[in-house]
Amino acid sequence: MKDQKMAETATSLHMGDMLTEMLIAYGVEVVFGMPGGQTCGLYEGIANRRDRINHVLVRDERNGVYAADAYARLTGKPGVCDVTVGPGATKLTDGFVEALNASIPLIAIVGELPRDWLPLKAKGVASQGFDQLSYLKSISKEAFLVPTPQSFPEIIRTAWRIATSPRPGPVAIIVPHDIMDHPWDPETQPILIDDRYIRAPAHRARALQADLAAAAAELAAAERPLIVAGGGVHASLAYDELRQLAQVSGARIVTSLSGKGVIDEHDPLAMGVLNPMGSKAALDIAPEADLIFWCGSKASQNTANNWTLPTASQATITLDDDPQEHGRTFRPTVALFGDIRETLRDLIPMLTPRENPAWVARCNEVRAAQQAIIRADWENESTPIHPGRVLRSVAQLLKPEDIVISDASFSSGWIGQYLLAQGAGRHFLYARGQGSLGYSVPASLGAAMTRPEARVLTVAGDGGSSFYIGELATQAQHKMRVVNLIFNNGIIAWLQMWEQIYYNGTRLSVDLESNHAKPSYAAAAAGLGLKGILVERPDQIEAALAEAFAYDGPSVVEVRSDPVATPIHSLRRRLQNPAKEIRRPGSVYQLRQWKVSPSLAKKQD
């Protein structure tokens, strides 16, 4: 009788159950996605184990990837999403490219037609069929098509290993329908995982002693050292080590947008976000440094200020666990190949404490000038409302444990400059891998499920809000504690400014409202089950925000904002002082010069 019962249990279980058990074993608490016929086996597996794993239904498969992305950023574990075959798979694109470029560990479970339908995939002869493997390989760190039920567990283990190993990234597991529904016998296919790959970074390498000694010599010779800290510091959890490096070397710290929060921004060591729409203090001080230590930052176009950094005279140190980053845009004076936390632990004892008082005084001077700019915007009581005025009040309500999620475009700059990190940790999420509009609210789903005790704040413009509005209903369905701040200026502001400044005052397809229609995001939110609050005057700001932050559920605070306000310093300057002759941006771009950084230590010798 016992053998018969085991046999019946084995035949009733299927590979969707096996997949679910492996997800649980890898520490996955929640999966984000939308069911399809080919993935229902996974859904049955999760439904039968709701005491150990959950699932969140998204309104659009694109948004499940962003939710999983936020989960991964906040936990260090691969975020998991699922999509059905065909149109579900193609909707992975935006989120997968974001994760690939931003080094975020993700796993996508992708439905597929039965294996023996391969000749029928062409031109969608079999419904929704196409070559998913080739498609997904082009936008992922790796993609696998499961060939047999026997190989399925091994492919899952391989996916986790690849997703979490330096450099982390997204992996797709394509599961044919006949494999997902194939019987599973736990006796012959037990659940076996490699627990080294539950969380990224799975391995932590250390830099060579000779390279550490060279880096120490450069820092000892520097009189104006600056650290550019990127998202790699978050991934490595190297917060204490980063601050110790700055203290001992006499350096100041700027961050990329992805690196925001690696240091408390009220700390005198912090100079803000280095980005064209970040801190003016960071932009002004960076060219004055005699050494830049690129710490977990890939020196991208924006962080390197259109690759004007490093300058030809600046010595450089790069610290990254991806060997391809040491020389991608310039040849560093010293390349430290290794994990950030472990490498800094080895480097710091090799340094002689430095104070660099003249450099500190100069940094304090520039920082004070930046604070004066911010203070003026904080005190701006004009109508339509300046976003800086709103964020002054938001900052007073945020707690250190709260999560702030930025949409793309101007929202990144408003948060980067006007909301300061209250401590070291990953409390600010930016979609900077691709910079796509529509990230913030979908990402809030992952954040709210990961940190239910925290308040989540999303910041977006009306342009970005149009991408994700359906996911507000998901927030309401799960009663997530999310405040969605929408700056509604009625236009796609960045493009409108570009058309005005660079293209002879053109104004085409940038207006999001007209005399016939004026969308109300607060009203739409109320219709979807959220609290919706409209703010049209500065004297309404405090009461509206207090109501939203006190509400035990999701809310939308829609602010009618100034259409000519911009966090981008160059645009603000050009709007205030129009040039007589403007050349179109595409006509002035130049191929970046690859630079070889000099050595300060050798100059001293």
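Just so we're clear, the structure is a prediction, and the values are computed from it rather than from any experiment. Every chain is numbered on its own, with residues counted from 1 as its sequence reads. Only residues with pLDDT of at least 70 are given local features in this predicted model, and only at 80 or more are side-chain atom pairs given and counted; all residues enter the totals for whole chains, interfaces and linings. Only hydrogens and water are set aside; all other atoms, that is, all heavy atoms of the structure, feed into the side-chain values.

Trainee: So what exactly am I meant to see when it comes to the sheet that holds strand 11 (residues 315–320) here?
Mentor: Pairing between sheet strands relies on hydrogen bonds along the backbone, with the strands arranged either parallel or antiparallel. DSSP calls a pair of strands paired once it identifies at least 2 bridges connecting them. For helices the rule is a DSSP run of H or I covering at least 4 residues; for strands it is a run of E covering at least 2, with both sets numbered from the N terminus onward. Taken in spatial order, the six strands line up as 9-8-7-10-11-13 in an open sheet, and their pairing is parallel. If you trace the sheet from one side to the other, it starts and ends with strand 9 (270–273) and strand 13 (334–337), each paired once. The average angle at which neighbouring strand axes cross in this sheet is 15 degrees, direction not considered. Of the pairings in the sheet, the one linking strand 7 (residues 225–229) to strand 8 (residues 252–255) comprises four bridges and is parallel in character. Within strand 8, the residue paired with A229 across the bridge is T255. Here, two residues are considered to be in contact whenever any of their heavy atoms come within 4.5 Å of each other. Fitted lines through C-alpha atoms serve as axes, helices being fitted only where they are in contact, and the angles separating the N-to-C directions of these axes extend from 0 to 180 degrees. The strands touched by helix 15 (residues 357–378) within the sheet are strand 7, strand 8 and strand 9, with strand 9 carrying the most contacts at an inclination of about 45 degrees.

Trainee: I'm lost on empty space enclosed by the protein in this one. Help?
Mentor: The rolling of a water-molecule-sized probe over the atoms marks out the regions of remaining empty space. Only protein atoms enter the 1 Å grid, on which a cavity is a set of points fitting a 1.4 Å probe that cannot get out and a pocket is an open set with protein on both sides within 12 Å along at least 5 of 7 lines, lining residues being those with an atom within 4 Å of a point. Grid points are joined across faces, edges and corners, and a volume is the space filled by probe spheres set on the points. Within the structure shown, the criterion is met by four cavities of 30 Å³ or more. Each pocket or cavity is described by its volume, and for the largest cavity that value is around 90 Å³. Taken together, L398, K399, P400, D402, V404, L420, A421, Q422, G423, H427 and F428 make up the lining of the largest cavity. In the lining of the largest cavity, the residues fall into six nonpolar, three polar and two charged. Under the grouping applied here, Gly and all other residues not named as nonpolar or charged are polar, the nonpolar ones being Ala, Val, Leu, Ile, Met, Phe, Trp, Tyr, Cys and Pro and the charged ones Asp, Glu, Lys and Arg.

Trainee: Which parts of the structure should I look at to understand the environment of P176?
Mentor: Position of P176 relative to the elements: it lies in strand 6 (residues 170–176). Between the C-alpha atom of P176 and that of D116, which follows or precedes it by 60 residues, the distance is 9.5 Å. In this structure, P176 is in contact with E112, L113, R115, L145 and V146, ignoring residues within four places of it in sequence.

Trainee: I keep staring at the pairing of strand 17 (residues 482–488) and nothing clicks. Help me out?
Mentor: Each regular strand shows side chains that alternate between the opposite faces of the sheet. When accessible area is computed with a 1.4 Å probe and restricted to protein chains, residues below 20% of their type maximum are described as buried, those above 50% as exposed, and intermediate ones as partly exposed. Within strand 17, seven of the seven residues are buried, leaving the element largely enclosed by the surrounding structure. Where strand 17 and strand 19 (residues 555–560) come together, six bridges link them in parallel fashion. Note on strand 19: the bridge partner recorded for L485 is V557.

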